[in-house]
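Here's the letter readout for the chains.
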Amino acid sequence: MPRLTVDARMVRVSGIGTYLRSLLPGVMSRLSDVDFTLLCLREDRDVCAALGPADLVEVRERHLSLWEQVAVPRALPSDTDLLWIPHFNVPVAAAVRAPALAVTLHDILIHEPEFGAPLPRVYARVVFPFIRRYADPVFCVSAFTRARWLEAYPGGAEPRVTPNGVAPHWFDASPAAPPDGDARPYLLWVGNLKPHKNVGRLIRAFREIADRVDHRLVLVGPLEGLRSVDRAAAELADSGDGRILRLGHLRYEDLPGLMAGADAFAFPELNLTDDQLRGFDRIVIEACGTAWHAGLVAKYAFEELARIPCETWLASEMRYADPLIDDRTLVIAVTQSGETEDTKK
């Protein structure tokens with residue numbers, strides 16, 4: 001049978017680890033005529049073994065280290081037909097040696113000077129050309145990432161947009177209170193506590209509306225093991241009056257219940273300064289279909305909590321209109337699929 005080898009060394013890492021643990025069991029069950037090998041760290045053998053039937057091969061070196069460029073090719077089974085790397089950290093020798101290479105690109109922001117630590121950024125600039133040359137297929141988790149990849153590295157295999165799926169057990173989870181047992185309603189943020197995540201802005205915004213809502217703000221994300229850490233945001237969260245709870249790293253098994261119990265999720269990654277945000281006196285949301293209904297909900301939230309006038313347009317109508325928009329208007333384009341044609345226009 002053909003052999004698919006997966007680099008699973010990031011299986012415990014927040015973000016990509018969740019991606020792997022949600023995706024791999026389904027892939028293994030569907031491809032019953034394929035032999036799987038998972039490259040894993042010694043301490044992750046139990047997690048990888050629980051994902052499904054696969055041979056486990058230990059690799060000592062972690063991701064984004066120079067030594068992985070040697071260790072992963074050495075660990076690659078000789079009968080591998082396809083090597084899948086679920087991040088951009090492609091071992092160059094393995095890319096050349098494997099009969100076929102698949103790579104998942106979650107984003108290419110690390111390629112930009114303003115994001116990420118210097119070493120990973122240099123690493124990305126070295127391996128991205130090899131991805132363009134050797135990887136086929138290239139999976140992008142959004143149309144935005146696909147567009148950015150083609151702009152920066154044209155000429156390789158045509159990227160395929162495969163949005164992150166959600167495993168069924170996330171829908172079956174019963175709501176659970178945070179570990180401290182506090183039964184008050186809460187807003188939830190989940191992610192790595194890195195500077196470009198703008199968690200500090202989220203905390204400051206929450207404090208501005210805290211006297212108008214009953215909710216707490218719950219932050220889930222590790223500080224340990226990250227190359228760039230937003231310690232200022234962590235200190236800001238810990239210096240409050242108990243309305244903000246920072247949980248740090250949470251077990252994967254505990255996340256579905258915590259997410260099911262949240263009233264809303266917070267995604268503060270809008271790369272504008274505080275002064276720029278305060279300069280807006282009007283918000284316009286354009287969207288289609290289900291995204292338009294989300295925009296209607298957002299209109300009420302913006303007007304109630306931020307006290308800023310907000311309009312929600314159908315993108316198909318806005319395309320042919322001439323709305324009054326100036327440099328003090330914040331325009332938010334919302335799309336369910338990432339490829340809504342009218343929104344792109």
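Residues numbered from 1 in each chain as written. Predicted model: local features only at pLDDT ≥ 70, side-chain atom pairs only at ≥ 80, totals over all residues. Heavy atoms only, no water.

**Digging into the layout of surface pockets**
Quick reminder of the rule: Using a grid of 1 Å spacing that covers the protein atoms alone, one calls a set of points a cavity when a 1.4 Å probe fits there but cannot get out, and a pocket when the set is open and has protein on both sides within 12 Å along at least five of seven lines; lining residues are those with an atom within 4 Å of a point. Grid points are joined across faces, edges and corners, and a volume is the space filled by probe spheres set on the points. Segments assigned H or I by DSSP are reported as helices when at least four residues long, segments assigned E as strands when at least two residues long, and all are numbered from the N terminus. Only Asp, Glu, Lys and Arg are considered charged in this grouping, and only Ala, Val, Leu, Ile, Met, Phe, Trp, Tyr, Cys and Pro are considered nonpolar; every other residue, Gly among them, is considered polar.
Taken as a whole, the second largest pocket encloses approximately 400 Å³ of empty space. Taken together, 19 residues form the lining of the second largest pocket, with Tyr19, Leu23, Val27, Trp84 and Thr162 sitting closest to its centre. Elements that contribute at least two residues to the lining of the second largest pocket include exactly helix H1 (16-30), strand S4 (82-85) and strand S5 (101-105). Counting residues per element, the lining of the second largest pocket draws most heavily on H1, which supplies five residues. Its residues assigned to classes, the lining of the second largest pocket comprises 13 nonpolar, six polar and no charged.

**As for unusual backbone geometry**
At the junction of aspartate 136 and proline 137, the peptide bond is cis and its omega measures out at 15° in the coordinates. Positive phi outside glycine occurs at leucine 64, with the angle close to 60°.

**Quick word on the packing of aromatic side chains**
The condition that has to hold: Only the six-membered ring of Trp is used, alongside the rings of Phe and Tyr, when aromatic pairs are assigned; centres must lie within 6.5 Å, and planes under 30 degrees apart are stacked while those over 60 apart are edge-to-face, with the rest tilted. With a 1.4 Å probe rolled over the protein chains alone, any residue whose accessible area is under 20% of its type maximum counts as buried; one over 50% counts as exposed, and the rest are partly exposed.
Overall, the coordinates contain seven aromatic pairs when judged by the stated rule. Look at phenylalanine 128 and tryptophan 149: their rings are 5.4 Å apart centre to centre, the planes differ by 90°, and that puts the pair in the edge-to-face class. Of this pair, phenylalanine 128 sits in helix H5 (residues 118-134) while tryptophan 149 sits in helix H6 (residues 143-152), and the two are 21 residues apart along the sequence. Its relative accessible area of 2% is what places tryptophan 149 among the buried residues. Every member of this aromatic cluster is reached through a ring pair, and the members are Phe88, Tyr123, Phe128, Trp149 and Tyr153.

**Regarding the sheet that holds S4**
Operational definition: In short, DSSP must find at least two bridges between two strands for them to pair.
Read from one edge of the open sheet, seven strands run S3-S2-S1-S4-S5-S6-S7, paired in parallel fashion. Lying at the two open borders of the sheet, with one neighbouring strand each, are strand S3 (55-58) and strand S7 (160-161). Where strand S1 (residues 3-7) meets strand S2 (residues 35-40), five bridges bridge the pair, whose relative direction is parallel. When the bridges of S2 are listed, threonine 5 appears paired with threonine 37.

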